[in-house]
Each structure stands twice: as C-alpha cells, then as structure tokens.
Amino acid sequence: MLFAHNWEVAVLCGIVGMIADSVKTQDVVEALKKLEYRGYDSSGIAFVENGRLRVFKSVGKIERLEKTLGDELRKEIKVGIAHTRWATHGAPNDINAHPHTDCTGNIAVVHNGIIENFRELRSYLISLGHKFKSETDTEVIAHLIEEMYDGDLLQAVLKAVSKLDGAYAIGVVHSEHPDEIVAARKGSPLVIGIAKGIGIIASDVTPLLKYTKEVIFLEDGDVALIKKGRVKVFDSSGKEIERKVHTIDWDESAAEKGGYKHFMIKEIMEEPQTLVNAMMGRIKAGDILFPELASIDFSKARRINVVACGTSYHAALFFKYFVEFHTDLDVLVEVSSEFRYRKPHIDKDTITLAISQSGETADTLESIRLAKRLGSRIISITNVVGSTITRESDLSIMMNSGPEIGVAATKTYVAQLAILALMGLKIVKDRGFWSERHSKIADTMLRLPELFSTILSEKDHILEIAKKYESYSHFMYIGRGYGYPTALEGALKLKEISYIHAEGYPAGELKHGPIALLDEKFPVFAILPSDSLYQKMKSNVMECKARNAKIVAVATSGNVEIKELADEIIYVPRVPEDIYPLVMAPVIQLFAYYVADLKGLDPDKPRNLAKSVTVE
Ligand code: F6R
C-alpha cells in the first residue's frame, strides 16, 4: 500500500444502490442524478428482473442514459445499482461505463476509486479463463467475485476485496440474490441510509436525503450487507461490527458541496485526497513510476517544450525550475496563445508537454498540433480522459482529480504540481543525477497529504487576514526562484475571483519599475519560505516596507524574525525547497477564496470566465 493513512479517493465517480419491495428504475436514476457533479462522462444502471440481471449504459450525461432506458424507467424493480463516471482507466464509452459484469452476466459491480494492482489481477484472471470486455480497472472486481462465489455473495465480496490494492467503494448485486446489495469501502467514500422498508447506498449523502437523514459512513475495510430496511456491517475478517448512525442536517445543495458554502472551498479542502489520487502508485521502493511514459527515453531527450495557459502555465514554470535546477535538460515554457503563432525551434529531439486541466483549451491544442508538425512527440497532463488534447497526444498522464466545478483551478493545480514534481524526479533519475536530496524530496512528497491537512486546518487564520485586506483595490505578489510561479498564481487567483487588481512579479524586478506603485494602499503578498533565496527575498520585502506597503508573508514555520517585518504571517511546514510551491498553493487559494467571499462575490462563477476555454 502506497499511503499508510486513510485518505479518501474523493470525487471520482458516483455510485448509488437501492433495494426495496418496489422502487422504480427512475428512482435509482434520480438518486444518481444527485451525484452527477462527481462525474458525468458516462453512466449506467444494473437491476434484477425475474431472476435476470439487466444492464443499461450510456456515454455522456445521465439524461442520455434516461433516453437509452426509455420505458424501462417506469419499471418496478426490487434492487438496482447505478454509476456516474469520471474516467480514470479507459476512455469514456458505453463499454467502459459501469456497472461491470462477470463472465456469467449474473454479477454487476459499480466502483468509485482506483485499483492499483488491476493489471496483475487482470492477467491472473485471464489465465484462469475469464473474458474481459472493458479497459477498466473495475472489471477485475466483477471477475474476482465470480471466482470467489459459491452461493454466498457477502463471502465472495469479502474474499475478493482482500485481493485489491488501491481505493474502492463498491456496490455489488447478483441475480440470484435480488434481496441484497453488498457494499465495501477502502479509501473511497460510501454512505448507507437507514430507512424503513428501503435500503440505499451512495457515494455521499446527497441522494439519501430524500429517503432519510440517518446514515452510516462506512469505514476503511468495512463490507456491508444491505437488505430492505436492514443493514449489517462486517470488518475485513467477516466479523459483524457496529457503526455509529449519524443524523445529517444539511440540505441537498449543502450536501453536494460536502457542507461547504462553495465548490471552490470544498475543492481546496479536498487537496490532501487530490494528492493521493495524483501520486497513487508512482513512488514505489525508491523508484518513480510513470508506466504511461514507457516509450519515452528522457536520457536521450535534447529539451522539453511545455505549452499551457493560465494556472497550468504557472505549474509549467515550476517544472522548468525543477528540471533545470536538477538536471542538464533545457525546459522551454511558453503560454500556448503565443507559442502557436511563433516559429519555435523544436524538432524530433524535443519532447512537447501540454498541461491542461480540461484537455480542451483551444490554444494549447493548436500548440501541440504545431509541435507535432515540427516532429515533436507530445505528452499531455490532463484531468479529462478522452478529452481532445489526450486524443491528439502520443501519451497522456491523468491527474485523477475528479471534476473541478469551481471555475478557478485549485485542486487540479495541486495535482499538476505533484505530477510535475514526480516527473521531474523521474527525469533526474533517468539522466543519472539522483542523490540523497532527491530521495528526501520523494519522501516528503509522500507526506504531502498530511502536510496539506495541517495547512488547511489553519484556514480560519487566513480568513482573519482576508478580513483585513478585502477592501484594498490592489495587491502585489512577489517571489523568487520557486516562489515566482507561486506569486504569479497567487495574483491570478485573487484577480480572477475577487476582481482586485493583483500583479505577480519576480521580487528582484520590483526595483525596475513596479515598486513605484507601492504605498500604504498597495499591500504586498510575499512568498517567503526559508529557502536558498530567503535573504534576497527578505531584502525585497524590506524595500516594500520602506514604501509603507503592508506585508502579508507566507513563511516557513519557526521563522520568528519575520514577525518584525511582516504585518501578517501565514506559516507553512518546512519542506525541501523544490516543493515549496506545493505547500504554498492552498495558502494563496484560501486567501483569494475568502477575499472573494467576503466581498459577496460567487467564487465558483467569476464573471467573464469559463471552465473550458475552447475558443481563442
Ligand atoms: C485559473 C484557471 C485558468 C486555466 C486556463 C487553462 O484559475 O483555471 O487560468 O488554468 O484557462 O485551462 P486548462 O488547464 O484547462 O488548459
């Protein structure tokens, strides 16, 4: 197991299951619709009718599934499970959509999470004669249960999940057991509703609220047997256990946002899980693993050319600093809207890396088309399987962040930084520059989810600072070295959701012009970790202070001397200096979020902006 702690693989897909004397297929679909915000590239449902399992699936949003179901929607059923997908393994299409079935067609499984050892399990099951239909990791679960089944579904699921590495929340039905759903959880959320005459499970409480406010949150290792109005929970050894029943007092809209006011803050608070999802399976036994890049030889590459826009461009800058600092490889970074109209000097020895959360950004897409014409191989890092950029790339790396609903990129920026840091480490290794320093970075990367939780637990302190600064009209963000991309990103976050004019500058450039702006009405947000450029940054902050600018500093915990210089201090944990941009990310995001919220703006829907920029 990669991570020893209990982080959830959140917001990748949504699952529901219902069991009652009689429910309509439509009821299951309506429950599923409440989870559509968790993923919407395809969906599907399985139910048992006259002792036969029936499965319907459809690519696209749930309304497409409804069309596929047609009259079946009015059908009275006793048990059904359904799934709305955000693809991680295999493109979004009807075959890869859940539920997945075994060879007999009697067992159906819906799954949220990522099975790390699915390749090994798939080969093993194929050697036993199992036939696979999809490219998903989930399908191995259906075949494993088939392999373990001897008349008792609960026992079969208990045995099957003991073979799984990774994260899962699953719902399982069997045509011979129309009176039960078996559910299991490890690392992905699963909630069971306690209601009279009906059994209901879901990835979160939203679909349950129509039926009950009493719920059980399954814990890691739990396997549950759900019958109508009766729930039994077992530990991984099969021993029955008690789980506390919670009463939920959220309404549906709050439940969708996990009880938070906006998606943006929910998505920031998910970042520990985002990191787990992004890094899962990539650091093992001292090695850095990118199976997607097996055909790329970084030791032979002459340079890397990175194209991206906005926040993704800031992640790209971080990558440049990292790779150039640690290896002899040149990394060119350019905003896609410029790159696509220039005459770049790249060729077949240049690897082009496109970074795009949505995978649809028009300028980035055109940039990779140009790079391809010039002979470059294209690697993309995106969050959307099957997006245009992944389809037009030679190789793709998935961020696995689940859908990001807030327009401003937050958790996906963190996922990008994490993947880029690991890719940087892989390049260090492939080019023969690995040292103790890199082992330390890799070790700290594994601790990042924990460190992020500590930073996020300080959010009220950041809110208090935001209260003091929300009325300013300007902000200057400054940083040096690795702090510079963070300064750019901090300024972008603030301006795009709070509409405060914010500039991001390399601190050393201040004296070449922008320092003329500073006075008591123009505060400075200083990215000031205790790194090798700390003394230089400190001098720059002093220069700002001398112009009467208020200083908000993000510093390394333990730095007491900074109290004399800064008006406000936000501490982040000490990490190797190359990964300070990661621990700084939630700080700049929370600050921007709180300022926007205090100004009465909707941070989820900033004016004039769209989540996917598919036009020039
Ligand atoms: C800012 C933001 C945008 C995007 C940019 C690129 O919060 O979200 O700046 O980063 O539009 O989008 P992707 O990454 O989808 O290519």
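Up top is the structure these notes are about.
Rules used in this analysis
Residues numbered from 1 in each chain as written. Predicted model: local features only at pLDDT ≥ 70, side-chain atom pairs only at ≥ 80, totals over all residues. Heavy atoms only, no water. Helix = DSSP H or I, 4+ residues; strand = E, 2+ residues; numbered from the N terminus. Contact = heavy atoms within 4.5 Å. Core = buried A, V, L, I, M, F, W, Y, C linked by side-chain atoms within 4.5 Å. Buried < 20%, exposed > 50% of the residue type's maximum accessible area, 1.4 Å probe, protein only. Domains from an automatic or database assignment. Pairing = 2+ DSSP bridges. Axes fitted to C-alpha atoms, helices over the stretch in contact; angles between N-to-C directions. Near = heavy atom within 4 Å. Polar contact = N/O pair within 3.5 Å; in protein donor to acceptor, adjacent residues only side chain to side chain. Areas by Shrake-Rupley, 256 points an atom, 1.4 Å probe, with all protein chains shown as cover. Nonpolar A, V, L, I, M, F, W, Y, C, P; charged D, E, K, R; others polar. Right-handed = clockwise from strand over helix to strand, strands pointing away.

## Here we look at the environment of L565
Within the element layout of this structure, L565 appears in the loop between β26 (551–556) and β27 (568–572). As a C-alpha pair, L565 and K228 span 337 residues in sequence and 64 Å in three-dimensional space. If we skip the residues at most four places from it in the chain, L565 touches K538, V541, M542, K545 and I551.

## Things to note about the nonpolar core
M445, F525 and F591 are the most contacted members of the largest nonpolar core, which totals 97 residues. Here this core takes 14 residues from helix α18 (residues 580–598), the largest share from any one element. Composition of this core by domain shows at least three residues from each of domain 2 (260–453) and domain 3 (458–603). If we skip the residues at most four places from it in the chain, F591 touches I462, I465, A466, Y469, F475, Y477, L494 and F525. I145, V182, L225 and F234 belong to the second largest nonpolar core, which has 30 residues in total.

## Side note on the sheet that holds strand β21 (residues 377–382)
An order of β19-β18-β20-β21-β22 is seen for the five strands of this open sheet, with the pairing classed as parallel. Taken across any chain shown, the strands that pair with only one partner, and hence form the sheet edges, are β19 (330–335) and β22 (395–398). For this sheet, the mean angle separating the axes of adjacent strands, direction not counted, is 20 degrees. Across six bridges, the pairing between strand β18 (residues 303–308) and β19 is parallel. Along β19, the bridge assignment pairs I304 with V331. Against the sheet, helix α9 (residues 310–326) touches β18, β19 and β20 (350–356), its axis set at about 165 degrees to β19. The strands touched by helix α13 (residues 411–430) are β18, β20, β21 and β22; relative to β20, the strand with the most contacts, the crossing angle is about 160 degrees.

## As for the site of the ligand
Around the ligand, the surrounding shell holds 15 residues, and the nearest of these are S312, S356, S358, T361 and E496. The contact in question runs from an oxygen atom of the ligand to an N or O atom on the backbone of T311, over 3.1 Å. T361 places a polar side-chain atom, nitrogen or oxygen, 2.4 Å from an oxygen atom of the ligand. Within the complex, the protein chains bury 88% of what would otherwise be the 410 Å² of accessible surface of the ligand. Residue composition of the shell around the ligand, grouped by class: six nonpolar, seven polar and two charged. Both domains that meet at the shell around the ligand, namely domain 2 (260–453) and domain 3 (458–603), each give it at least three residues.

## Some remarks on the pairing of β18
Most of β18 sits out of view: six of its six residues are buried. Covered by surrounding structure in β18 are R303, N305 and V307 together with I304, V306 and A308, the residues of both alternating faces. Regarding topology, α9 serves as the crossover connection from β18 to the parallel β19, and that connection is right-handed. In terms of strand pairing, β18 meets β20 through six bridges, oriented parallel. The residue of β20 that forms the bridge with I304 is I351.

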